[in-house]
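# Inside the fold
Spelled out from the first residue to the last, the chains are:
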Amino acid sequence: HTSDIYAIAISSKGRILTSVSNNDTGRIWDLDHDHPISSPSYHAAPVNGVSFSADGKLLATGCFD
């Protein structure tokens, strides 16, 4: 991210972390290998919330767009 991180979520197995930021992006990180899993996902406004489903298969982000 190039701006403040608003929220993070860790998957139920503790291997994936997602962070969302004021710079309109969400990132998914592999905690076993300490690197991003994919390119940033972009929103039309700052992203201020993120959550995994209980089984870790779904990911939701929320923003002001």
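Each chain carries its own residue numbering, running from 1 in the direction its sequence is written. Selection of residues for local features in this predicted model requires a pLDDT of at least 70, selection of side-chain atom pairs for listing and counting requires 80 or more, and totals for whole chains, interfaces and linings are taken over all residues. Based on all heavy atoms of the structure, the side-chain values leave hydrogens and waters out of the count.

## Some words on the overall build of the chain
The numbering of helices and of strands both runs from the N terminus, where a helix is a DSSP run of H or I of at least 4 residues and a strand a run of E of at least 2. In terms of regular secondary structure, the chain is built from zero helices and seven strands. Overall, the chain shows an N-to-C arrangement of helices and strands of β-β-β-β-β-β-β. What you see for the chain is a C-alpha radius of gyration of 11 Å, in line with the 11 Å of a compact globule of 65 residues. Buried, partly exposed and exposed residues are distinguished by accessible area as a fraction of the type maximum, computed with a 1.4 Å probe on protein chains only: under 20%, between the cut-offs, and over 50%, respectively. Here the chain holds 65 residues, and 26% of them are scored as buried. For the chain, contacts bridging at least 24 residues in sequence account for 24% of all contacts bridging at least 6. Summed over all atoms, the accessible surface of the chain reaches about 4100 Å², with 53% contributed by carbon and sulfur. Looking at the chain, you have 4 positive and 7 negative side-chain charges, and the mean spots of the two groups are 12 Å apart. Our radius of gyration looks at C-alpha atoms and nothing else; its globule reference is 2.2 Å times the residue count to the power 0.38. Any two residues having at least one pair of non-hydrogen atoms within 4.5 Å are treated as being in contact. Methods summary: accessible areas were calculated by the Shrake-Rupley approach with a probe of 1.4 Å, and residue burial reflects only the protein chains presented. Asp and Glu count as negative and Lys and Arg as positive, but His and the ends of the chain are not part of the count. Each charge is placed at NZ for Lys, CZ for Arg, CG for Asp and CD for Glu.

## Digging into the side chain of Ser11
Along the chain, Ser11 falls in the loop between strand S1 (5-10) and strand S2 (16-21). Other than its neighbours up to four places away in sequence, Ser11 contacts Ile16 and Phe52.

## Focus: the environment of Lys13
Secondary-structure assignment places Lys13 in the loop between S1 and S2. C-alpha separation for the pair Lys13 and Thr25, spaced twelve residues apart in sequence, amounts to 23 Å.

## Quick look at unusual backbone geometry
Unusually for a residue other than glycine, Asp24 sits at a positive phi of about 70°. Locating Asp24 in the fold gives a position in the loop between S2 and strand S3 (25-30). Residue Asp24 is classed as partly exposed on the basis of its relative accessible area of 23%.

## Re the pairing of S1
Regular strands place side chains that alternate from one sheet face to the opposite one. A strand pair is defined by DSSP finding two or more bridges across the two strands. The pairing of S1 with S2 spans five bridges and is antiparallel. Note on S2: the bridge partner recorded for Ile10 is Leu17. Hairpin geometry of S1 and S2 is characterised by an intervening segment of five residues between the two adjacent antiparallel strands and by a positive phi of about 75° at Gly14.

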